[in-house]
Amino acid sequence: MKKNILFVFSFLLISSAIYSQKPNKLNSNQIYEKVQKLNFLGTALYIAAHPDDENTRLISYLANHVKARTAYLSLTRGDGGQNLIGPEIRELLGVIRTQELLAARRVDGGEQRFTRANDFGYSKHPDETLNIWDKKEVLADVVWAIRTFKPDVIINRFDHRTPGTNHGHHTTSAMLSMEAFDLVSDKTKYTEQLDYTDTWQPKRLFFNTSWWFYGSQEKFEKATKDNSDFMSVDVGVYYPLKGLSNNEIASIASSQHLCQGFGRLTTRGSQNEYVEFLKGDKPKDEKDLFAGINTTWNRVKGGGEIGDILYEIEKNFDFVNPSKHLSALMKAYKKIQLLEDSYWRKVKIKQITEIIEACAGLYLEASATSSSAVPNSEIQLNIEALSRNSEVNIILESMSFVTDKMLTVVKEVSLGNNKRQRFQQKLLLPNMDFTDPYWLKNDWSLGMYKVKNQNLIGNPETPRTVRIFFNLNIDEHDISIEKDVIYRYSERDKGELYNPFEILPRITTKLKEKVILFPENKSRTVAVSVQSGANNVKGSLSLDAPKGWAVSPKFIAVSIQQKGDEQTHNFTVTPSSEESEGKLKAIVTINGKKYNKELVEINYSHIPKQSVLLNSEAKVVRLNIEKGGDYIGYIKGAGDAIPESLEQIGYKVKMINPNEINEENLKQFDAVVVGIRAYNTVSALKYKQKFLLDYVKNGGNMIVQYNTSRRVDVGAPYSLQLSRDRVTDENAKVTVLATKHSLMNFPNKISEKDFEGWVQERGLYFPNKWSSEYTPILSMSDKGETPKEGSLLVAKYGKGNYIYTGLSFFRELPAGVPGAYKLFANMLSIGKGNIKQNDKIKQ
């Protein structure tokens, strides 16, 4: 039994990782579970705001124990969060977190949906949230999700009745769910959706509550005692066919959210989850969320005779030779095709097709010879087809290749038991759309993504545009099995690998620096890299500059022979004479067509490789700024772009290996900066803190950026208590408390103007208590709240200075916010009063 547990555990991990394109090879246990799920006609939709908000215990319980079709609707893609594993933030972080959600669903058995809401960062109240989101559009997307997924049961993660006590996005998700529950059946609401789907009415709506929402276990027990609105289910149920408990699966699923630091130990044993009935038809069985709902095949007209076939298969399933059920499965398949209910017909056709494919031991694959291609080009596919375990006759009648139209190639080949058939097929691609994330194709706002195609709204990914249908005849019945074209390859140190097959531009460009500062009215060289997506690409590269700026030369000829090759070209950019901001835009023109995209590839081992196309541009800032010091040591935390930003204003930055910190190697630095969340993520720091504080005591400057407040000690020289205090309004008024302090005056005079143009937030996790040795520099607050004075604290320690700041420099500097640069330069320059005021930053 132990061997079986290890096998299933490893399968769950592999299936959730980088190989979402890899064929899902089901064993007999898994086939049987698919049959059980096929015989359950019920749906559940879980609703919250962000990736990692979902309760994987309940989702897994519904999908694996109840056997319901279960989905998680996350209103956002988590774009406004932090990133523990790399430098990606904002929309690129949203791409990562989307894939982590999909990885989690591959583990817990659920599906994934979204709205067009953009996670703009922490919000303290639904009023603020809905002031930035477009309520009408987000509510429309929730209605759309319910109308298309058609859940019998909806479960909210958060309480709609407690605005202002939780993240504003959280409460908003519950409020919109409550409102949508009453709208989805109304034909007069969101009528444009009814061209693509029908109205729907869920049976009931719950709130997934717990003692946490009540503040203590005692208060929760008091509220729920003898209250018939509350139900509980044991989500610690054990699955012998998996060799795992439900909460073990849930832990593995939750651990897919690695960029948020959710990697965790598995748990097991009995564990209750509680839900509170809110709306609809109240279930009479307090242990069954689907009580009173017909979830059998008799639910649909014509389903009874289908059930007769499939219940018999479930009752007498042959685990040794599941292919014996193929004839009966094909009969059921043909009957499902005739169902009048289009929703259940589509769902069950997909489910039974997967079962038929697995029972027959079919291996069907179309792999391109390259991971990408460009529109209007020819690709070659390597195709493999065989049946590894079948007692019935299987004929591959034809293959249909789908791009913008369908090309059918007749084969009439027998897929005899375990005899591999291999083909090659050339395919001419039309002028087709790129396969980058669909929600990033149009310019977006702070609160909303723009998606024009109604059928795309809510989808987790861009649908693959190059597909193949294997048209088979199994036991005298026709069936088509659809596969996306993928790219399968191997690496000597990794083995067999799979990537998505992408449609990408003929040429892409990249400005290597995303923010370019000009501290003086002097020209500087700007490098643009150009990468070819095809062979023999020729064009003209130009750099579009803001008004008042100059670029030379105007055009550079580009010629690249090999696909994937890259060239770098240099332009001379001269800024405006006065302080100003704008964008440089890289453009390649080929035969009159302009290409203006940058290809960003995201490649982590726990998610599939992602190819993202963004506008190829960089922010340019003409800024009068001065600095003290020159050589900065940087200790990386969770990952940010601060070092590159400091280099923009003339500092030399050296990354410090925490394990190599000692008294001698710290002496070389004018200042040491500790990256975001370093004390949360770098365990070595607690052993090296003595050397860092001695460095300060001997005259050094140390700047510590924000850490989360949970179970962390930043080792400050004097008492300092972190909190969850934050200011989420990036435009919140900032008051200077210490107007005469050098941080506000040297070498740059800081004024109210320097706090204009900040992005997403002022800061987070401010200290709320500190000893008298610290001087608070700034005060700020969100609307209706008390002033927060812990955003920037400085203390003299020995001969040096210790600074702790929760200001969001990790967002502001990469965004090119001039005032943030000036303030950070002052922090690095503290104590260097002998610097000449006209010591301008050198190029």
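Structure shown above.
These remarks concern the structure in this document.

Rules behind the numbers
Residues numbered from 1 in each chain as written. Predicted model: local features only at pLDDT ≥ 70, side-chain atom pairs only at ≥ 80, totals over all residues. Heavy atoms only, no water. Core = buried A, V, L, I, M, F, W, Y, C linked by side-chain atoms within 4.5 Å. Buried < 20%, exposed > 50% of the residue type's maximum accessible area, 1.4 Å probe, protein only. Helix = DSSP H or I, 4+ residues; strand = E, 2+ residues; numbered from the N terminus. Contact = heavy atoms within 4.5 Å. Polar contact = N/O pair within 3.5 Å; in protein donor to acceptor, adjacent residues only side chain to side chain. Pairing = 2+ DSSP bridges. Axes fitted to C-alpha atoms, helices over the stretch in contact; angles between N-to-C directions. Salt bridge = Lys/Arg side-chain N within 4 Å of Asp/Glu carboxyl O. Phe/Tyr/Trp six-rings, centres within 6.5 Å; stacked < 30°, edge-to-face > 60°. Lys NZ or Arg CZ within 6 Å of the ring centre and 35° of its normal.

Description of the nonpolar core
Counting residues in hydrophobic clusters, the biggest one holds 60 residues, and the most contacted among them are W297, L310, I352, I356, I383, V466 and L472. With 8 residues, the top contributor of residues to this core is helix α12 (residues 342-359). Look past the residues within four positions of I383 in its chain and what remains in contact with it is E365, A366, M399, F401, Q421, R422, F423, Q425, I468 and F470. Core analysis: the second largest hydrophobic core is formed by 43 residues, L623, L743, F809 and L823 among them.

Digging into helix α2 (residues 28-38)
Where burial is concerned, most of α2 is hidden: 9 out of the 11 residues are buried. Those residues of α2 lying buried are S28, Q30, I31, Y32, E33, V35, Q36, K37 and L38. Looking at where α2 begins, the residue whose side-chain oxygen comes 3.1 Å from the main-chain nitrogen of N29 is N27.

Here's the deal with the environment of E137
Following the sequence through the fold, E137 ends up in helix α6 (residues 135-149). In sequence terms E137 and Y214 are 77 residues apart; their C-alpha atoms lie 32 Å from each other. Setting aside residues no more than four positions away along its own chain, E137 makes contact with R116 and M448.

Side note on the sheet that holds strand β5 (residues 204-207)
Spatial strand order, β3-β2-β1-β4-β5-β9-β6: 7 strands in an open sheet with mixed pairing. A single partner strand is all that each edge strand has here, and the edge strands are β3 (111-114) and β6 (230-234). In this sheet, adjacent strand axes meet at a mean angle of 30° when their direction is disregarded. As paired elements, strand β1 (residues 43-48) and strand β4 (residues 153-156) share 4 bridges and run parallel to each other. Bridge assignment links I47 to a residue of β4, and that residue is N156.

What about unusual backbone geometry?
Residue S552 is joined to P553 through a cis peptide bond whose omega torsion reads -5°. The residue after F746, namely P747, is reached through a cis peptide bond having omega -5°. Note on placement: P747 falls in the loop between β38 (734-736) and β39 (763-770). With phi around 60°, N376 is a residue other than glycine that occupies positive phi space.

A look at the pattern of salt bridges
Within this structure, the stated rule accounts for 46 salt bridges. A salt bridge links R113 to E111; the shortest N-O distance between them is 3.5 Å. Judged by its relative accessible area of 25%, E111 is partly exposed. Two residues, K514 and E598, come together in a salt bridge whose shortest N-O distance is 2.4 Å. Residue K514 is found in the loop between β21 (507-511) and β22 (515-518), and its partner E598 is found in strand β30 (residues 597-602); the two are separated by 84 residues along the sequence.

Describing the packing of aromatic side chains
This model, assessed by the stated rule, comprises 27 aromatic pairs. Between F809 and F824, the ring centres sit 4.9 Å apart and the planes meet at 85°, which makes this aromatic pair edge-to-face. Separated by 15 residues along the polypeptide, F809 in helix α17 (residues 809-812) and F824 in helix α18 (residues 818-829) bring together distant segments of the chain. Here F809 matches F824 in class, with each residue buried. Lying across the ring of F691, K690 places its NZ or CZ 5.6 Å from the centre.

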